[in-house]
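# Observations on the three-dimensional arrangement
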Amino acid sequence: MSVKDPVHLLFGYVEIKGENGFCERFINLCTASGIPLWDIHKRSNEITAKTTIGGYKKIRSPAKESSMHIKLIKKHGLPFIINRCMRYTGLAIGFAVMIVALSILSGRIWLIEIDNDTAISDELITNAYEDAGLTIGRSKRLDLNTLCSDVSESLSDTSWTTVNVVGSTATIKVREVRKTPQIDYGKGTSNIVALKDGQVEIIEPYRGSPAIIEGQTVSQGDLLISGVTESRIYSNLFSDADGYVVANTTIDVSHSTPAEIPALKKTQRKIYSLYFLGREIPLGRVKDSDCAYRHKEWLEIGGKKMPFGLFYTLSADFEEQAVKLGSDEILLTAINDYSLNAYHQTLHSQNISKDVSVDKNANEICVRGRYHCYENIGQKVPLEIEESEAEAEKKPVE
């Protein structure tokens with residue numbers, strides 16, 4: 001190898017072989033044309049040599065004038081190595097892209113699992129953590145302590161919650177609050193009084209003394225069962241009065257429906273967005289609305305959510321406007337609304353009889369009803385005890 005070979009390897013050179021011509025004339029013509037030749041070996045009418053890439057491109061004219069037939073034997077140098085590697089450019093680029101993608105994705109959360117032993121649904125827990133910032137595709141460099149603290153405030157029925165990140169999987173652990181049962185020691189004092197007017201039909205005291213008899217008419221606020229009982233030694237015993245008092249009562253129900261009623265006109269719109277590696281890219285302008293529904297469609301592989309998805313927000317706005325009803329529609333609406341009110345007001349009573357009437361005029365329809373029924377009119381109220389002057393004097397002065 002000559003001294004020039006390192007430089008030639010950098011810029012590239014070729015080995016050639018010339019046959020069936022005038023070797024000396026070929027060498028002289030190459031020298032005159034500025035074509036470098038080195039490592040020249042001659043055997044009878046055959047010659048081998050080395051030349052640069054540029055020299056090989058200009059060697060056709062000297063070869064033709066000297067009747068030499070030139071063959072390319074071998075290629076050497078960096079340009080030819082690069083040219084061979086260029087055949088695999090696509091593979092090299094794909095490999096580089098794969099390395100970059102893996103380095104980016106390895107630092108993000110791909111899967112979220114729920115370890116839950118509470119009555120709270122997994123969906124509610126997932127939504128709470130998403131609002132706090134833990135979503136599929138987000139970076140693993142999250143402040144987990146602050147994240148769990150924010151979620152604990154929104155999930156009040158949990159004793160503690162934590163997030164463990166292993167690899168690209170985040171496991172959310174939620175534990176339920178163990179509530180101490182409330183124990184009623186029965187040390188309160190109270191009376192049972194009438195919630196409304198009526199005629200007493202049944203009185204059943206569990207604790208305390210009855211203050212009325214069956215068949216007696218009582219008014220709202222009258223004492224029914226007293227929490228004060230007189231003992232054999234003529235002293236008062238205080239207790240938490242309990243029991244029930246059934247009375248014959250009257251319940252009046254009425255409802256009016258105007259000819260024009262307010263109605264809501266709804267306007268809907270749907271805005272799509274793309275979710276990519278923790279970032280949501282809206283495909284439209286998001287506006288404030290009266291109510292909105294979010295739908296999330298995730299890319300799943302093997303039943304596991306990937307950090308890619310197509311979301312949409314269905315929003316609706318409502319505008320109130322007056323609608324004039326026909327006579328049949330007004331009557332049907334009035335009866336439906338009246339029936340609903342009557343159901344709620346007589347829900348805890350046993351109906352004996354009822355009288356319903358319908359009054360019509362140009363502006364509205366009014367439905368009225370009177371129900372005669374049996375119901376429990378007892379209501380527990382705290383017992384107020386007045387201190388005697390002697391008991392007040394015994395109290396220490398603060």
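The structure we're discussing is the one just above.
Let us look at the structure shown here. (Residues numbered from 1 in each chain as written. Predicted model: local features only at pLDDT ≥ 70, side-chain atom pairs only at ≥ 80, totals over all residues. Heavy atoms only, no water.)

### Some details on the sheet that holds strand β5 (residues 111-116)
In a beta sheet, neighbouring strands are held together by backbone hydrogen bonds and run either parallel or antiparallel to one another. Defined as follows: Whether two strands pair depends on DSSP finding at least two bridges between them. Secondary structure is summarised from DSSP: a helix means a run of H or I of at least four residues, a strand means a run of E of at least two, and numbering begins at the N terminus for each. A fitted line through C-alpha atoms represents every axis, and for helices the fit uses only the stretch in contact; the resulting angles, taken between N-to-C directions, go from 0 to 180 degrees. Working rule for contacts: check all heavy atoms of both residues, and any pair within 4.5 Å makes them a contact.
Across the sheet, three strands lie side by side as β5-β7-β6; this open sheet has mixed pairing. Since the sheet does not close on itself, it has two edges, and those belong to β5 and β6 (158-166), each with one partner. Here the average twist between neighbouring strands, direction ignored, is 15°. Across six bridges, β5 lies against strand β7 (residues 169-176) in parallel orientation. Pairing of E113 across the sheet is with T171, part of β7. Its contacts with the sheet put helix α7 (residues 122-132) on β5, β6 and β7, and the angle it makes with β5 is roughly 125°.

### Description of helix α9 (residues 327-345)
Stated precisely, the cut-off is as follows: Given a helix with a known number of residues, its expected span is that number minus one, times 1.5 Å. Each residue is assigned to one of three classes by its accessible area relative to the maximum for its type, calculated with a 1.4 Å probe on protein chains only: buried under 20%, partly exposed between the two thresholds, exposed over 50%. Here the arc refers to the set of directions running from the helix axis out to each C-beta atom.
With 19 residues, α9 should cover 27 Å at 1.5 Å per step; its first-to-last C-alpha distance of 27 Å lies within 8% of that length. All of the buried residues along α9 are I330, A334, Y338 and A342. Within α9, the buried residues cover an arc of 90° as seen down the axis, which keeps them to one side. Residues of α9 that are exposed and point more than 90 degrees away from the buried face comprise D328, L332 and H344. Lining the buried residues of α9 we find β15 (242-258), β20 (349-360) and β21 (364-376).

### A closer look at unusual backbone geometry
Even without being glycine, D39 reaches a positive phi, approximately 50°. By the secondary structure assignment, D39 is in strand β2 (residues 38-43). Of note in this structure, S67 is not a glycine but carries a positive phi near 60°. Note on placement: S67 falls in the loop between α4 (60-65) and β4 (69-76). Given a relative accessible area of 43%, S67 falls into the partly exposed group.

### Side note on a nonpolar patch on the surface
Going by this rule: Each patch is assembled from residues with relative accessible area greater than 30% and no salt bridge, linking like charges that lie within 9 Å and nonpolar side chains (Val, Leu, Ile, Met, Phe, Trp, Tyr) that lie within 5 Å. Residue exposure ignores everything except the shown protein chains as possible cover, and the areas themselves are Shrake-Rupley values with a 1.4 Å probe. Here, a salt bridge means any Lys or Arg side-chain nitrogen found within 4 Å of an Asp or Glu carboxyl oxygen.
There is a patch of nonpolar side chains on the surface, built from V7, L10, F11, L78, I81, I82 and M86 and spanning about 680 Å² of accessible area. Residue placement: L78 occurs in helix α5 (residues 78-85). A relative accessible area of 37% means that L78 is categorised as partly exposed.

### Considering the environment of F238
Tracing the sequence through the fold places F238 in strand β14 (residues 236-238). Spatially, the C-alpha atoms of F238 and N191 are 9.9 Å apart, while their sequence positions differ by 47 residues.

### Brief notes about the sheet that holds β15
An order of β11-β9-β15-β21-β20 is seen for the five strands of this open sheet, with the pairing classed as antiparallel. Of all strands in the sheet, those bounded by a partner on one side alone are β11 (217-218) and β20. In terms of strand pairing, strand β9 (residues 198-207) meets β11 through two bridges, oriented antiparallel. For Q199, the partnering residue across the bridge sits in β11 and is T217. Strands β15, β20 and β21 of the sheet are contacted by α9, whose axis makes an angle of about 165° with β15.

### A short note on the pairing of β21
With 13 bridges connecting them, β15 and β21 associate as antiparallel partners. Across the sheet, the residue bridging to N248 is Y374, located in β21. As judged from the eleven bridges shared by β20 and β21, these two strands associate in the antiparallel manner. Within the sheet, the bridge partner assigned to S357 lies in β21 and is R368. If you look at the hairpin formed by β20 and β21, you'll find three residues sitting between the two strands.

### Some points on the packing of α7 against helix α8 (residues 144-154)
Put simply, the rule is: Roughly parallel refers to an angle under 35 degrees, roughly antiparallel to one over 145, roughly perpendicular to one between 65 and 115, and oblique to any angle outside these ranges. The handedness criterion is simple: a crossing whose near helix is rotated anticlockwise from the far helix by less than a right angle is left-handed, and one whose near helix is rotated clockwise is right-handed. Under the scheme applied, nonpolar residues are Ala, Val, Leu, Ile, Met, Phe, Trp, Tyr, Cys and Pro; charged residues are Asp, Glu, Lys and Arg; polar residues are all the others, including Gly.
Packing of α7 against α8 leaves a shortest axis separation of 9 Å and a crossing angle of 130°. Here α7 lies oblique to α8, going by the angle between them. The hand of the α7/α8 crossing is right-handed. Along the contact surface, α7 presents A128, Y129 and A132, while α8 presents L147, C148, V151 and S154. Per-class residue counts for the contact of α7 with α8 are six nonpolar, one polar and no charged.

### Some thoughts on α7
The set of residues buried in α7 consists of I125, T126, A128, Y129 and E130. Those residues of α7 that are buried lie in contact with β5, α8, β6, β7 and β18 (291-301). Directly after α7, the chain includes G133, whose backbone phi takes a positive value near 120°.

### Topic: the packing of aromatic side chains
Quick note on the threshold: Within 6.5 Å between ring centres, the rings of Phe, Tyr and Trp (the latter by its six-membered ring) count as paired, and their orientation is classed by plane angle as stacked under 30 degrees, edge-to-face over 60, tilted in between.
This structure, assessed with the given rule, holds four aromatic pairs. Both rings, one in Y13 and one in W38, keep their centres 5.9 Å apart while their planes meet at 55°; by these two values the pair is tilted. In this pair, Y13 is assigned in strand β1 (residues 13-19) and W38 in strand β2, connecting sequence segments 25 residues apart. The buried category is assigned to Y13, whose relative accessible area is 4%.

Don't take any of this as a statement about function, it's just geometry.
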